[in-house]
Each structure stands twice: as C-alpha cells, then as structure tokens.
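# Observations on chain architecture
Each chain, written out:
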Amino acid sequence: MKIPSWFNQNRFTSIVRVASAVTLISAAAAMAFVGVRPSTAAAPRYDINTLAGKVTSLRGTAGLQIRFSAFLEQEAEEPEGIPAPGSITPIHVLSSPLDGTTIVPPNVLVNQDTAAAPQNETAIAVDPNNPNRIVGGANDYVTRTWSCFVDGTPCSALGDGYSGTYYSNDGGSTWCCNSNPDANYTPTSDPAQIGTLIPGVERLVGGIYDAGGDPSVAFDSQGNVYYAGLGFNRTSPPNTVAVNKGTFDGGGTLTWGLPTFINQTTSPSTLNDKEWIAVDSHSGSPFQDRVYVSWTRFIFQAGTGAYVQSPIFFVYSNDGGATFSTPKNISGSAHYSQGSHPVVGPDGTVYVFWNGSTRLASLNSTYMVKSSDGGATWSPPLSVATVTNIPGVRNTVFRVNSYPAAAAAPNGDVYATWNTEVDDTTPIYTGDTGCAYFIPGNHVSTCHSVAVYSKSTDAGQTWSDPAPVFGAGSRTGAGYPVTQPTPDPDPNGCQAANGCDGSTFIAPSPLGPIEDVFPAATVAANGHVYLAAYRGPTVSPWQVCFSGPLPPVGRITCDFLGPYIHNTRLDYVVRDLSGSTNPVNTQLINTRYGFGGGFFGDYTDIAAGSDNFFHAFWTDSNNVQNVVWWYGFEFVPTAIHQQDVVTGSGNF
C-alpha cells in the first residue's frame, strides 16, 4: 500500500492515477500504440503472470490513459512483509485534531468489526418489496486484522482484500454482522465464522483466490439478493468474476450461497475487472428477475505482455445466477473501455454505460448501449457525451476516475452521471482538451473536477446536454495557521531544507473551487431523482510522515514527522433534482487515512426504497479503533483512523 512513485502532492505536476478508459493523445500516438511507427528500440516485455506486471504493461503503453480499477492497482502494489516476533510499538501515528473519532448520528456505521480493518468501495440495494431490508457491499480487509492462526501462521498474514457484505432489517438503523473466526482457524465458508464475508471466493472463506472485491449488489422481485465481485491472485494469473445469491429466512437472517464463476481464467493474457450487476426486478417485465452482469476484459499479448484492448463484456442469467449466458462483447468500436454500469428500465430494457474510447479519439466519452430483448442483442455504442478524464482532487493523492453511474425512473426516463474536468471560469461540460492533463499545452492549473448528469426521455436515443450536479463554490480553509515543526535534532529527521523550518503555514490563496468525485444515482418510486458524490469544500493542514518503515508496517507507524501540507477534506452530498441539495455526512472526511492516502476506493453508491427514502453509502474515516494485527504484524493495541463504510438516509 505504498504511494506509487508517480504520485506527487502537487495535483498539477503529476499524473494522478485515473481509472478511466483509454484516451489516445493524438493520431500519431495511436499509430505508435498499434505498432505502425517503426522503431529501432526493442519492444518492452512485461511479466503478465502477476497483477503488478499487468499494471506495469498498462502504464507503459504509449499514449494510453486507461487504468485498472483503483482496487486492483492497490492490490498490485501491496507489499508482503515478513512478520517479526514480538509486538510493535508505534513512534508516531498520523492524525489530525480536526477529524472525528467516532461515527456521529444520524450517520450509521455499517461494518461492525472492532479491530480497525479498512472497508471501501460501497454498493447498496433495497428490497423492492420491503423498504426496511437493505444489503450493502464493500471491499473488506477484516481478515488482515483477524487475531487467529492457521497452522501457526497469523490469519492476518494470509488474509487480503475480501468481498464483504452487510444487511439491515430496520431501514438502515442497525446492521449485521461481524466475522468471528476461531483462534485456530480452518479456512471455511461457514457463515458462523466468516460472518459478513462472501463465501467461496477467497481462500480463508473456502475459495480458491487470494483476494476479491469490487462489490456490486442488486435485488430481484422475489426478495433474493445478488452480489457480484472479483476473485484473483496477485502473483499468478487466475482471476474471475463471481456472483453469489443471498436469501433471507423468516427471521430476517441473510445466507449467501456459493459463487458462480463467470469468465474464470488461468490465462495471463486476460484479466477481468470492474464488474457491475443489475437485476430486472420490475413486475410484469418480459424479463422479470433476469440477472445481468457487465465487466471489463483486459487483453494482453501472450508473448510480450503488451496491452491490446479492454472491451466491455456482458452476460445474463435466467436461473437465479446458477448459470450465465456465453460472454458477449458489447463495446463495438470502443475497444479501450472501463467502468461499466448496467441498469434496467421498467419495460425490461437493459442499458449499459461506461467510460471509453475508439482508437483515434482525443478524449473519452460516456458510452451507452441498450438491449430490448434481455441482453441477446445490442445497439451500437452511442456517445452520451465527450468527457475530459479527471486527474484528481487538488490537495489529495487518492486515485480517481470518470466512471459513470446511472439509474432508470419509473416513467422510463434514464439518467447518467460522471465526472469531467472543466475550466474554472468558462466550463465546458462536453469535454475540454485544454483541461486534459495528458495533452501537451493544456491549462489544467485552472481546471477542476465536476460531477455532471444527462437525461434521456426517449429510451436512450437522445440525451440532454450534460449539466453540473451541484452549484459551483469555493473551498474554505479550516485549522490555519499552524507552525511548521523546527529541525529535528536527529539528522535522519526532517530539517529546514525539507520544510521543517518553524515558519507559519497559512491557507492556500486562492482557495480554489470545490471539486466533485465518485458520483452515484438512484430514482425513488415517486420519481424523485437523487444524485450524490463526494465534494471537497474544505482545505486543512495535514502533517506528513518524513520517513518511516516500509508498508505494511508504515501504514501504522511513522519514525519522523515532516512538514504540514494542504489537505482537502470531503463532504458526501445528495441532490434531489426536484428539490434540495444537502450534505448527508455529519463530519468532514479525511482521505489520508487507511492506505497512505493513495486509495479511497473507486466509487460510492445510493439506493432508494419503495418508501421513497434514499440510503447513501460512502467510505468514511471519522472512526478510531485499536489495531493489533495488521498483515501478519502484531502491534501493541494502537488507536488509528481507518476507512469504514457509513450510511445516511432521508428524503428531501
């Protein structure tokens, strides 16, 4: 979980990882990409047997802006430490007095673990027949903190990012449950021990894969719930898309069945990423209860390991997820794609949205295809709008993307929302090459990220011009001024030349515009359209670590503190398109916690029930718990902030 070398605190002088579809800088770059331009240099070779090798191949493709999901990139970077005997006592634990230490009502903490395990990337669904029954999903690292052993090895050394799930039978007021493994644990799919973890995918929960995640959840019309996620190894090729079916008993207990694997492969030339699930829960639809899954299939050359393309694939199931149709490429000529999102209209029409590009496009588009026959045949891709992929939120380092989210209304209208980069004073919401950080001669220093949305009233044939989801605004400063630390007496510590000079640190001027990231969408039964996203309204000082142990130990402790930097903190904001706009979080969210600030997930989610209440679901960091076990290392009980998943509900 180290911050990659290509990260920089300065938003405008580094390529912040953009988990988006390909953008080719120019036709010449595209020609170079397909190998037309002659070269005397030997073509690079990549070890695509490993996840890290695939990530390197993708980053090494000339003119290419596509990235894997932030989750897979984070997993590829994750080091494996060798646990040392004895417990570690941290010297410094990074924190800020401006941040909360517990989740404050009316927000509700969804994950119930107490050992400071991180959770991120939220998905949520409401039973269409019971608005009090809600299921959520998240990447869950709880096994990295389990205090159990397998044949003498700490469970936390064997665990990884796993597929976590949580459920509520009281409208989101309380959530169940926690995993509770035995002290001498045997890998199992027994719900009594794995609790909120999806069974049968990863090794500690009875599966065959090292890690899993990227959750998506959806209900059918009968009250069954489906969980889609990934299963993969980090140092060998096997990977898959997985779907588990969950059922509730009469007492409201949720039990998950074993997974059905889709596009399961051991070939190093194929990698499945960023799946999403939808179910036709509409009573009377000709395809009622058909299950739909789309995902990105990354393809590499078998010999050199070079990236080839990443089309969007699609399957459906008519038997409750027991079997699926043959995977079908639905992306047409937009071969360089990522971040697909299917939704189902009330008449059974299936729409799939994604961020992608054709070979010679200078900017990406939000694409849409649709099927009127349950996923058997598809329309050609239609560009809803051109997109300028965002480089990140200023004064943060977490990886971002311009993936779309979407929702269908009861009257058949369809809504899509995504992020695009726009000029601070003359915003163009349909793509601006001047704000494209990857095109030479741009002016990204005067651009910012905006969540936009578009609407179709004719079953996706035409779309309204993209419009901003939220009103523009300027950030405010909080916690300034602070005094920079003075030079450390230890020569290994921070010195004046490194910024530890005792000077006064004040808020940036100008403060800059509020930026948006990770939008989500839902439509309530009464037709109210709710759009949500993180917004960065506040900038505050944050003291960095000057030097410390390598990850994973360095995720907990720091040897020498460094100077203060500017740090944007987030609200989670919901807008009713026919009414109000309000933050639903009770405390500002600091993205510096958890994974060195570099990973805060890829998306958020929001869902509405038949009672017309929405349930927003996001990653929060305002909770402090004691960590003891972390990636096989034992610590004295240490209070740390971590990433938790939190809900806020209401209607405007």
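Residues numbered from 1 in each chain as written. Predicted model: local features only at pLDDT ≥ 70, side-chain atom pairs only at ≥ 80, totals over all residues. Heavy atoms only, no water.

## Considering the packing of helix H2 (residues 51-59) against helix H3 (residues 70-77)
Stated formally: Note on geometry: axes are C-alpha line fits, over the in-contact stretch for helices, and angles between N-to-C directions span 0 to 180 degrees. Segments assigned H or I by DSSP are reported as helices when at least four residues long, segments assigned E as strands when at least two residues long, and all are numbered from the N terminus. Convention used here: angles under 35 degrees read as roughly parallel, angles over 145 as roughly antiparallel, angles from 65 to 115 as roughly perpendicular, and any remaining angle as oblique. With the far helix as reference, a near helix turned anticlockwise by less than a right angle produces a left-handed crossing, and one turned clockwise produces a right-handed crossing. Only heavy atoms enter the contact rule, under which two residues are in contact if any of them lie within 4.5 Å.
Running from N to C, H2 and H3 cross one another at 120°; their axes reach a closest spacing of 8 Å. In terms of orientation, H2 and H3 fall into the oblique class. Two packed elements cross with a definite hand, and for H2 against H3 that hand is left-handed. Contacts between H2 and H3 involve Leu 51, Ala 52, Val 55 and Arg 59 from the first element and Leu 72, Glu 73, Glu 75, Ala 76 and Glu 77 from the second.

## Focus: the sheet that holds strand S1 (residues 108-109)
Threshold: A pair of strands is labelled paired if DSSP reports no fewer than 2 bridges between them.
Reading across from one edge, S1-S36-S33-S32 is the order of the four strands in this open sheet, with antiparallel pairing throughout. Of all the strands in the sheet, just S1 and strand S32 (605-608) have a single pairing partner and so form its edges. Judged from the four bridges that link them, S32 and strand S33 (residues 614-620) form a sheet pairing that is antiparallel. Among the inter-strand pairings, Ile 606 is bridged to a residue of S33, identified as Ala 616.

## What to know about the pairing of strand S17 (residues 336-344)
Quick reminder of the rule: Partly exposed describes any residue whose relative accessible area lies between the buried limit of under 20% and the exposed limit of over 50%, with all areas from a 1.4 Å probe on protein chains only and scaled to the type maximum.
Taking burial as the measure, the nine residues of S17 include nine buried ones, the bulk of the element. Relative to strand S18 (residues 350-357), S17 runs antiparallel, the two being bridged by seven bridges. Each bridged residue has a counterpart across the sheet, and for Gln 338 the counterpart in S18 is Asn 355. Between the antiparallel neighbours S17 and S18 lie five residues, among them Gly 348 with a positive phi of about 90°.

## Observations concerning the sheet that holds strand S3 (residues 130-140)
Strand order in the open sheet formed by three strands is S2-S3-S6, with antiparallel pairing between adjacent strands. The sheet terminates laterally at strand S2 (119-127) and strand S6 (162-168), the two strands that pair on one side only. Strand-to-strand, the axes of this sheet are offset by a mean angle of 20°, without reference to chain direction.

## What to know about the packing of aromatic side chains
Aromatic ring pairs are described here by two measures, namely the spacing of the ring centres and the angle between the planes. Our working rule: Under the pairing criterion, centres of Phe, Tyr and Trp rings, with the six-membered ring standing for Trp, must be within 6.5 Å; the plane angle then separates stacked pairs below 30 degrees from edge-to-face pairs above 60, leaving the rest tilted. Two limits define a charge over a ring: the Lys NZ or Arg CZ must be within 6 Å of the ring centre, and within 35 degrees of the ring normal.
Applying the stated rule across the entire model yields 32 aromatic pairs. Following the ring pairs from residue to residue traces out a cluster consisting of Phe 398, Phe 518, Tyr 534, Tyr 572, Phe 600 and Trp 618. Sitting over the ring of Phe 248, Arg 133 keeps its end group 4.1 Å from the ring centre. Note that Arg 290 overlies the ring of Tyr 316, its terminal NZ or CZ placed 4.4 Å from the centroid.

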